[in-house]
Structures are given as C-alpha cells and as structure tokens.
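# Examining the three-dimensional arrangement
Chain residues, written in single-letter form:
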Amino acid sequence: MDMQETPARGTAIRPLDRSFFGRSPRRVARDLLGKVLIRDVKIRDVEVRLAARIVEVEAYLGTKDPAAHATAGNTARNSVLFGPPGFAYVYFIYGNHYCLNVSCEREGQAGSVLFRALEPLQGLEQMARSRGIPLPAARHLSRLTSGPGRLAQAFAITRSRDNGRDLTSPASGLWIGEDGFRARSIQVTPRIGITKAAEQRLRFILPGNSFLSHPRILRP
DNA sequence: ATATCGATTATCT
DNA sequence: GATAATCGATATG
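In short, a report on the structure. Here the structure is a predicted model, which is why all the values come from computation and not from measurement. By convention here, each chain's residues receive numbers from 1 onward along its written sequence. Following the order in which they are written, the chains are lettered starting with A and the ligands numbered starting with 1. Only residues with pLDDT of at least 70 are given local features in this predicted model, and only at 80 or more are side-chain atom pairs given and counted; all residues enter the totals for whole chains, interfaces and linings. Only hydrogens and water are removed before side-chain values are computed, so all heavy atoms of the structure are retained for them.

On to the overall build of chain A. Across its full length, chain A carries five helices and nine strands. By the criteria applied, helices consist of DSSP H or I runs no shorter than four residues and strands consist of E runs no shorter than two, each listed in order from the N terminus. Traced from its N-terminal end to its C-terminal end, chain A shows the element sequence β-α-α-β-β-β-β-β-α-α-α-β-β-β. On C-alpha atoms alone, chain A measures out to a radius of gyration of 16 Å, which is about the 17 Å that the 2.2 N^0.38 rule sets for 220 residues. Expressed as lengths along the three principal axes of its C-alpha atoms, the size of chain A is roughly 50 × 40 × 35 Å. Per-residue burial over chain A gives 51% buried out of 220 residues. Throughout, the radius of gyration refers to the C-alpha atoms, and the reference size of a globule is 2.2 Å times the residue count to the power 0.38. Working definition: with a 1.4 Å probe on protein chains only, accessible area under 20% of the residue-type maximum means buried, over 50% means exposed, and in between means partly exposed.

This paragraph deals with the packing of aromatic side chains. Within a pair of aromatic rings, the relevant descriptors are the distance that separates the centres and the angle that separates the planes. Only Phe, Tyr and Trp rings are paired, with Trp represented by its six-membered ring, and only when their centres lie within 6.5 Å; those with planes under 30 degrees apart are stacked, over 60 edge-to-face, the remainder tilted. Throughout the structure, instances matching the rule amount to three aromatic pairs. Here the aromatic rings of Phe-20 and Phe-21 are separated by 5.0 Å at their centres, their planes lie at 70°, and the arrangement is edge-to-face. Charge-over-ring placement is defined geometrically: NZ (Lys) or CZ (Arg) within 6 Å of the ring centre, and within 35 degrees of the ring normal. Across the ring face of Phe-20, the terminal group of Arg-23 is positioned such that the distance to the ring centre comes to 4.8 Å.

What follows concerns the protein's contact with DNA strand C. Here a residue counts as near a molecule or strand whenever at least one of its heavy atoms sits within 4 Å of it. If you check the shell around DNA strand C, you find 19 residues, and the closest are Tyr-91, His-97, Asn-101, Arg-131 and Arg-150. Here, DNA strand C places atoms within 4 Å of the protein, and 50% of those atoms are sugar or phosphate. Backbone polar atom of Pro-148 to a phosphate oxygen of DNA strand C: 3.2 Å apart, as the coordinates give it. Counting residues per element, the ones that place at least two in the surface near DNA strand C are strand 4 (88-93), strand 5 (97-103), strand 6 (112-122) and helix 4 (148-154). The element best represented in the surface near DNA strand C is helix 4, accounting for three residues. All residues other than Ala, Val, Leu, Ile, Met, Phe, Trp, Tyr, Cys, Pro, Asp, Glu, Lys and Arg, Gly among them, are scored as polar; the first ten of these are nonpolar and the last four charged. Among the residues forming the surface near DNA strand C, the class breakdown is eight nonpolar, seven polar and four charged. A 3.5 Å cut-off defines polar contacts: any pair of N or O atoms within that distance qualifies, except that in protein one atom must be a possible hydrogen donor and the other a possible acceptor, and neighbouring residues in sequence count only when both atoms are side-chain atoms.

Where empty space is left in the structure can be found by rolling a water-sized probe over the atoms. Its boundaries defined by the atoms lining it, the largest pocket holds a volume of some 730 Å³. If you go around the largest pocket, you meet 32 residues; those closest to its centre are Tyr-91, Ile-93, Tyr-94, Gly-193 and Ile-194. Of all the elements in the fold, those that place two or more residues in the lining of the largest pocket are strand 3 (46-60), strand 4, strand 5, strand 6 and helix 4. Here the lining of the largest pocket takes four residues from helix 4, the largest share from any one element. A per-class count over the lining of the largest pocket returns 14 nonpolar, 13 polar and five charged. With a 1 Å grid spanning the protein atoms alone, the term cavity applies to any set of points in which a 1.4 Å probe fits but cannot get out, the term pocket to an open set with protein on both sides within 12 Å along at least five of seven lines, and the term lining residue to any residue with an atom within 4 Å of a point. Grid points are joined across faces, edges and corners, and a volume is the space filled by probe spheres set on the points.

Attention now goes to the pairing of strand 7 (residues 174-178). Where burial is concerned, most of strand 7 is hidden: five out of the five residues are buried. Going residue by residue along strand 7, you find Leu-174, Ile-176 and Glu-178 tucked away on one face and Trp-175 and Gly-177 tucked away on the opposite face as well. Where strand 1 (residues 14-15) meets strand 7, two bridges bridge the pair, whose relative direction is antiparallel. Pairing of Pro-15 across the sheet is with Gly-177, part of strand 7. Between any two strands, at least two bridges found by DSSP are needed for them to pair.

One can find Glu-105 in the loop between strand 5 and strand 6. Working convention for charge: Lys and Arg count positive, Asp and Glu count negative, and His plus the chain ends are omitted. By definition, a salt bridge exists where a carboxyl oxygen of Asp or Glu is found within 4 Å of a side-chain nitrogen of Lys or Arg. Buried and without a salt bridge, Glu-105 has Lys-64 as its closest oppositely charged side chain, separated by 5.2 Å. Of the polar contacts made by the side chain of Glu-105, one reaches the backbone nitrogen of Gly-111; its length is 2.8 Å.

As a further point, take the pairing of strand 4. Direction of pairing for strand 4 relative to strand 5: antiparallel, over a ladder of six bridges. Its bridge partner lying in strand 5, Ala-88 is registered against Val-102. Connecting strand 4 to the antiparallel partner strand 5 that follows it, the hairpin turn spans three residues, and Tyr-94 within it adopts a positive phi of roughly 55°.

Let us look at the pattern of salt bridges. Taken as a whole and assessed by the stated rule, the structure comprises 12 salt bridges. Put simply, Glu-56 and Arg-116 hold a salt bridge, and the shortest N to O gap is 2.8 Å. A residue pair is termed long-range when its members are at least 10 positions apart, and Glu-56 in strand 3 and Arg-116 in strand 6 qualify at 60 residues. For the pair formed by Glu-56 and Arg-116, the shared burial category is buried. Residue Glu-58 is joined to Arg-116 by a salt bridge in which the shortest nitrogen-to-oxygen separation is 3.9 Å. With a gap of 58 residues between them, Glu-58 in strand 3 and Arg-116 in strand 6 connect regions that are remote in the sequence. When sorted by exposure, Glu-58 lands in the same class as Arg-116, which is buried.

So this is what it looks like as structure tokens:
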C-alpha cells in the first residue's frame, strides 16, 4: 500500500550547518539546489518521513530589495528574517497559501531564500493527503510540490507551526539535508509572481526538471 | 496549449 | 481600504 520511494542512493542524509546559511542569499539559493527538504512526523504512533529535492528557489536580498518582505524593516510578521541564519520564515498570502523561506546572512541582515518547487522523494502518499488530492497518475505528480504554496501544503507547513523553526536541526522535525546529489547544471532566471524588482535574475532552477513551478519561463 | 479570474485574510498605508 | 513572493477552475484556441 505504502509507496516508498528510494531517497538518494547510497549515503545517509546529513543536515547542513548554520554556516551554510550565513552567506549571501544568492549563494545560499544556488547551493540549495539539489539539497533535500525533510519533515519527520509521527502519525498515529508511526514515524513518517517526507523528503523532497529542492529544484527551484528564489533569493530575496533584505531591506534593500523592493520585492522582499524585509523591505519595510523589522516587523512582527517578518522578524525571523532579521534573526540568525538557518531559520524558517513562513508567511500567509492571498488569504489561502503559506510559503516557506530560510533566513540567510547574519543577525540584522534580512536576506532569505524562498522555496518554490521540490521533487518528491519519499512519503508521496502523505504529501497527497496533505494536499487533499488522491495520489495521482505519474503525469500529475508535479502537482504535489511544484509551487511555493503547493509544497508548503504538501509538507503541512503553517505559520503557527513552523515560523522560526531551526532548519539546521533534525530534532526540529523540519530540516534541510545533503545526500550527495550534485546538480549537473544550474540556470538563473528572473523571479516569478512579483511586481517590484521583477527583472532581477534571482530565481535558480535545475533546468529541465519536471517539477519546476513554471517549466516554460526560463529566459536564460 | 495559454489566458483570465475569483477566492480569502494578514499586513501595511 | 488596498494589496499580495498563489492556486485552481473555467474559458478559449
């Protein structure tokens, strides 16, 4: 019944340490491609792991970036962005969706990276349940996690539950791991879905991956 | 296949 | 009161 996909082959997954995130959002975004987002939860006394490879991200540059939530300064909503690196910033948008970021740089510098699309590896049935759709035929699998709102829903990420969570710690139950995967190539494109500073090339993708949120928008 | 539009609420002006 | 780092449904080619 349970369809268990093979995670990355070979080695165990190990967490990224905080210094990985203590860099510019561009570099963190680029280096996050190919890493794995993991959620460990206990459901009815059974440990369940959700795992998915990061295939699309966007960098937001902090207070100097008109498109960033940090542009208005430190507020109750975005204060995680102004804290130390490696923590989850979760916000609610359009009255419907949560989106996940990870804080970058250092305390006081509000750079971040938005998770835009994942390739599911493990726990697909649970992701489908969280999304409220039956585990679909292979051609529709990308609907599970292709898009910032979709991936947050697949991982049951909400602001009340996950804002401020430490993404470098497996003990937090939501964390980012490295499994030895190496991206063959990386492509940079303009960011998606924003009105301000939309021209900047701050979206990073694994080109050709079938789980991208907008496979067609590339403009290399 | 692409285009348009309504949903629904936290946050900020 | 307006807007938003989106999604899914519907309409149309």
